[in-house]
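One-letter residues, chain by chain:
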Amino acid sequence: MNKNKATDTNLSRRRFLARSTVAAVGAGALGSALLSPAAWAAKAIGDQASATLLRMARDIYPHDTLEDKYYAQVMTPLAEQAEKDDDLKALLKDGVAALDAQANRLFGKAYLEVTAEADRVTVLKALEDTPFFQKIRGDLMMGIYNNEELWPRFGYGGSSWEKGGYRYRGYEKNDWIKGA
Amino acid sequence: MKTAFDLNDDSLVVIVGSGAGGGTLSHELAKKGIRCVVLEAGKRFERKDIENDEWKMFSKITWLDKRITAGPTALTQTSPNLPTWLVKGVGGATIHWAGVALRFQEHEFKMRSLNGEIAGANVLDWPISYADLAPYYEKAEAKLGVTGTKASGQPYHEPSSHFKVIAEGSRRVGAHCRPAPLAINTTPRDGRPACQVTGFCMQGCRFGAKWSTMESSIPKAEATGNIEVRPDSMVLRIEHDDSGKVTGVLYVDKDGNQHFQKARLVAVAANSIESPRLLLNSASSLFPQGLANSSGQVGKNYMTHTGTGIYGEMPDTVSMYKSPVVPGLVSTWADNDPSRGHVGGYELEILHIGLPFMSAFLKPGGWGRELANSLANYDNMAGFWICGEDMAVESNSVTLHPTEKDQYGLPIPVVYKGNHANDTAMIKHSNEQATAILEAAGATKVNVMDRYPASHNMGTNRMSARPQDGVVNKWGQTHDINNLFISDGSQFTSSAAENPTLTIVALAIRQAEYIADQMQQQMI
């Protein structure tokens, strides 16, 4: 991610848009929300809560060059599930409420209004052992780092056997270490 | 033609488990014309089931039956029900292993006489020496096709980018990095192709270049017509007669039906958690503490390896995933030199994991900008998994949970593991040396990872000269019951600084000769 991978990024974006169109057909009302990342969970838990969760997601695994949609992609299935699953809906709504309560206690404003990342991290720290935080963190870990679409952005190759592995594709290549 | 044996055939050898120990034993006995049934708890995988995907393969092949992680370490929090990282399937952990095929060193068979008594540890010499095992190491290297050995005639893998970075860092601190002897072909050999460097050794080799019992020994054993492998067959208990000789095993198939398979002898090779668990679960009125447990040592002396991971963030691209998983070793501190502040040694093993596993293991449960920044540097990472000798400690153990049962109705295993002071000192020393190498290669940040679920599990049915000190004799035959054998890494008296598989295979080859001889002499 610290390198110029513009081509891969564009490719990923095209793939994302293609996938979103398919998702929109399947996911009904939520589908259109996909293209508006901040409102991804609006139907289930409301605009404010969904925007709060997106901010929280970016604070848990902050990659400034990754677009919101990648974080929203992780949350969308959660929101869809929450529409049918009252326990999950409560976990998300109560979790956001707890986050705001903690932010209010420490900084006198809602989580989304706390401008400094370090301050928001302080708020999150207080909640990191809760099932709510663990659920969001676990889903994000898989959704960001186990996302095939994002692997090129992290410089990870993913499955290689169908390309014949790296035997003839540069496994020995290293042009910076001495003696290489 | 598929061999099928009768449940009432009491002339058979029954082998529990199909990994490095059980798979090898079945092949070696089959070659001698001895008929065996191999009972494997897991399913049978095909080459096409092997994918280059860490989490998919993790859920597909891992032994995920519930276990309790116990002890004073962080693993109880980060992995409360998965103390080990093993495979449930025909081939066992040989599907998952990285192929590192090292012989133990001479002194590692004699840790007790070399270092004397170590307070708080239960160290014992093996009842065999390196010289006893050397001819079998040679046979094992030929069987597995270990690179860089005379026995196989295969060259080492060519250096990957990951290897080059570590080799240069090592040179700069006066250490030496060498190519790893791997049971992964570098030339087409024994019906298996050369390595194509997919970088996914530990997810199963999609090309079959890596030796595994799934790819090699089991199909060869079956081809003799002397072996029947029954997958999806979980052994519940071993039965015995009034004289104490074992008579067969009770197992359950995938439809939940129970069967009793008669046997002339039983060899248990279910890895260091399941093997002692089976002996303990087979307790009877004659053996109230479990089979072969007159010493009280069944399930005790559980060893892993020190097992930390350590990754440096380099100034430029390494792409460590474009490599055999373990391309090289730094063996500079593999000797026994107490002046370092610990006995026993360690191998720094260059090892990569993919981004998905890195995100889970770099800082288990972690989050925030520092972790995210390190993961953003994944393509620049280089590093090690450290294979350090773990001291035998009696309280490190596998026991049965008093109340909780698994899907088979068996008490779940409680796996207790703490670090001996020697382990702690070694971990500190090895982390420092690894850090120095990575920094010498240019690392701007070095991340130390705590031990993750153990793939190397040893010692819970250990070999001993005297029956009161261990569970099996120098042939892996239990001291208490002469037709009951242990054929896996649970036999190990010490854990050594090397990956266990080659030693498990060498012991199985040697044990097969002994079993054949004893059967011929009507001793069993």
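Predicted model only: the values in this text are computed from it and were never measured.

So, how was this worked out
- Residues numbered from 1 in each chain as written.
- Chains lettered and ligands numbered in written order.
- Predicted model: local features only at pLDDT ≥ 70, side-chain atom pairs only at ≥ 80, totals over all residues.
- Heavy atoms only, no water.
- pLDDT = per-residue confidence, 0-100.
- Contact = heavy atoms within 4.5 Å.
- Core = buried A, V, L, I, M, F, W, Y, C linked by side-chain atoms within 4.5 Å.
- Buried < 20%, exposed > 50% of the residue type's maximum accessible area, 1.4 Å probe, protein only.
- Helix = DSSP H or I, 4+ residues; strand = E, 2+ residues; numbered from the N terminus.
- Polar contact = N/O pair within 3.5 Å; in protein donor to acceptor, adjacent residues only side chain to side chain.
- Salt bridge = Lys/Arg side-chain N within 4 Å of Asp/Glu carboxyl O.
- Arc of directions from axis to C-beta.
- Pairing = 2+ DSSP bridges.
- Axes fitted to C-alpha atoms, helices over the stretch in contact; angles between N-to-C directions.
- Parallel < 35°, antiparallel > 145°, perpendicular 65-115°, else oblique.
- Left-handed = near helix turned anticlockwise from the far one by under 90°.
- Nonpolar A, V, L, I, M, F, W, Y, C, P; charged D, E, K, R; others polar.
- Buried area = accessible area lost by both parts, 1.4 Å probe.
- Expected span 1.5 Å × (residues − 1).
- Phe/Tyr/Trp six-rings, centres within 6.5 Å; stacked < 30°, edge-to-face > 60°.
- Lys NZ or Arg CZ within 6 Å of the ring centre and 35° of its normal.

A. Representation of the confidence of the model for chain A. Taken over all residues, the pLDDT of chain A has a mean of 81, while the share at 70 or more is 74%. The model gives residues 2–38 of chain A a pLDDT under 50, and that stretch makes 43 contacts with residues more than four places away or in other chains.

B. Seen up close, the nonpolar core. By size, the foremost hydrophobic cluster in this structure holds 103 residues, and its most contacted members are Met56, Ile136 and Leu140 of chain A together with Met358 and Phe384 of chain B. Sequence-distant contacts of Leu140 of chain A, defined by excluding residues within four places in its chain, comprise Ala57, Ile60, Tyr61, Tyr71, Val74, Met75 and Tyr145 of chain A. Core analysis: the second largest hydrophobic core is formed by 53 residues, Trp97, Val471, Leu484 and Ile509 of chain B among them.

C. Broad picture of the environment of Glu28 of chain B. Residue and element names in this part refer to chain B. Mapped onto the elements, Glu28 comes out in helix H1 (residues 20–31). When the C-alpha atoms of Glu28 and Ile509 are compared, they prove to be 6.3 Å apart, with 481 residues separating the residues in sequence. If near-sequence neighbours (up to four positions away) are discounted, Glu28 is found in contact with Lys143, Ile509 and Ala512. Of note is the side chain of Glu28, whose polar atom sits 3.3 Å from the side chain of Lys31. Separated by 2.7 Å, the side chains of Glu28 and Lys143 make a polar contact.

D. Local environment of the environment of Gln77 of chain B. Residues and elements named next belong to chain B. Within the secondary structure, Gln77 is located in helix H3 (residues 75–78). For Gln77, a relative accessible area of 66% translates into the label exposed. With 287 residues separating them along the chain, Gln77 and Pro364 place their C-alpha atoms 9.4 Å apart.

E. Quick peek at the pattern of salt bridges. For the structure on display, the rule yields 34 salt bridges over all chains. One salt bridge in this structure joins Arg55 of chain A and Asp59 of chain A, with 3.1 Å as the shortest N-O distance. Residue Arg55 of chain A and its partner Asp59 of chain A are located together in helix H4 (residues 47–60), separated by four residues, close to a single helical turn. Take Arg55 of chain A: its relative accessible area is 28%, and that puts it in the partly exposed class. Given the relative accessible area of 1%, Asp59 of chain A is considered buried. A cluster of three or more residues bridged by salt bridges with shared partners is formed by Arg67, Glu274, Arg277 and Asp406 of chain B.

F. Focus on helix H7 (residues 117–127) of chain A. Residue and element names in this part refer to chain A. Turning to H7, its buried residues are Arg120, Val123, Leu124 and Leu127. Down the axis, H7 shows its buried residues gathered within 95° of arc, on one side only. Of the surrounding elements, those touching the buried residues of H7 are H4, helix H6 (86–107) and helix H8 (131–145).

G. Summary view of the sheet that holds strand S13 (residues 381–388) of chain B. All names here are of chain B. What the six strands build is an open sheet, ordered S4-S11-S12-S13-S10-S16; its pairing is antiparallel. Whereas interior strands pair on both sides, the edge strands pair on one side only; in this sheet they are strand S4 (177–179) and strand S16 (445–449). The mean inter-strand angle of the sheet, taken between neighbouring strand axes irrespective of direction, is 25°. Relative to strand S12 (residues 346–350), strand S11 (residues 328–330) runs antiparallel, the two being bridged by two bridges. Note on S12: the bridge partner recorded for Val330 is Leu348. Packed onto the sheet, helix H11 (residues 421–440) meets strand S10 (309–313), S11, S12, S13 and S16 and runs at close to 155° relative to S13.

H. Looking closely at the sheet that holds strand S6 (residues 234–240) of chain B. Residue and element names in this part refer to chain B. Spatially, three strands are ordered S6-S7-S8 in an open sheet, and the strand pairing comes out antiparallel. Looking along the sheet, the strands with just one partner apiece sit at the ends: S6 and strand S8 (258–262). For this sheet the average axis-to-axis angle between neighbouring strands, irrespective of direction, equals 25°.

I. Local environment of the packing of helix H5 (residues 68–84) of chain A against H6 of chain A. Residue and element names in this part refer to chain A. It is the contact of H5 with H6, at a shortest axis distance of 6 Å, that shows an interaxial angle of 125°. Comparing their axes, H6 and H5 come out oblique. Seen from above, H5 lies across H6 with left-handed handedness. Mapping the contact onto sequence places Leu78, Gln81, Ala82 and Lys84 in H5 and Asp86, Leu88, Lys89 and Leu92 in H6. Looking at the contact of H5 with H6 residue by residue, the class counts come to four nonpolar, one polar and three charged.

J. Region of interest: the interface of chain A and chain B. Each partner contributes to the interface: chain A provides 44 residues, whereas chain B provides 47 residues. Where chain A abuts chain B, roughly 3,900 Å² becomes buried across the two surfaces, and 58% of that area is made up of carbon and sulfur atoms. Considering only the side of chain A, the residues that lose the most area to chain B are Trp161, Tyr171 and Trp176 of chain A, jointly responsible for 20% of the buried surface there. At the surface where chain A touches chain B, the tally comes to two salt bridges. Here Arg369 of chain B and Glu117 of chain A are joined by a salt bridge, their closest N and O atoms 2.8 Å apart. In this assembly, chain A and chain B are joined by 17 residue pairs in polar contact (both at pLDDT 80 or more). Those elements that place two or more of their residues in the side of chain A that touches chain B are H4, H7, H8 and helix H9 (151–154) of chain A. At five residues, the largest contribution of residues to the side of chain A that touches chain B is made by H8 of chain A. Taken together, the residues that form the side of chain A that touches chain B break down as 20 nonpolar, twelve polar and twelve charged.

K. Inspection of H4 of chain A at higher detail. The end-to-end C-alpha distance of H4 of chain A, which contains 14 residues, comes to 20 Å, matching closely the 20 Å that a straight helix rising 1.5 Å per residue would cover. Taking burial as the measure, the 14 residues of H4 of chain A include ten buried ones, the bulk of the element.

L. Quick look at the packing of aromatic side chains. Tallied over the entire structure, the rule returns 28 aromatic pairs over all chains. Ring centres of Phe104 of chain B and Phe109 of chain B lie 6.1 Å apart, and the angle between their planes is 50°; on these two criteria the pair is classed as tilted. Of the two residues, Phe104 of chain B and Phe109 of chain B, neither departs from the other in class, the shared state being buried. An aromatic cluster of at least three residues, connected via ring pairs, comprises Trp55, Phe58, Trp85, Phe357, Phe361 and Tyr452 of chain B. Cation over ring: Arg206 of chain B sits above Trp161 of chain A, and NZ or CZ is 3.7 Å from the ring centre.

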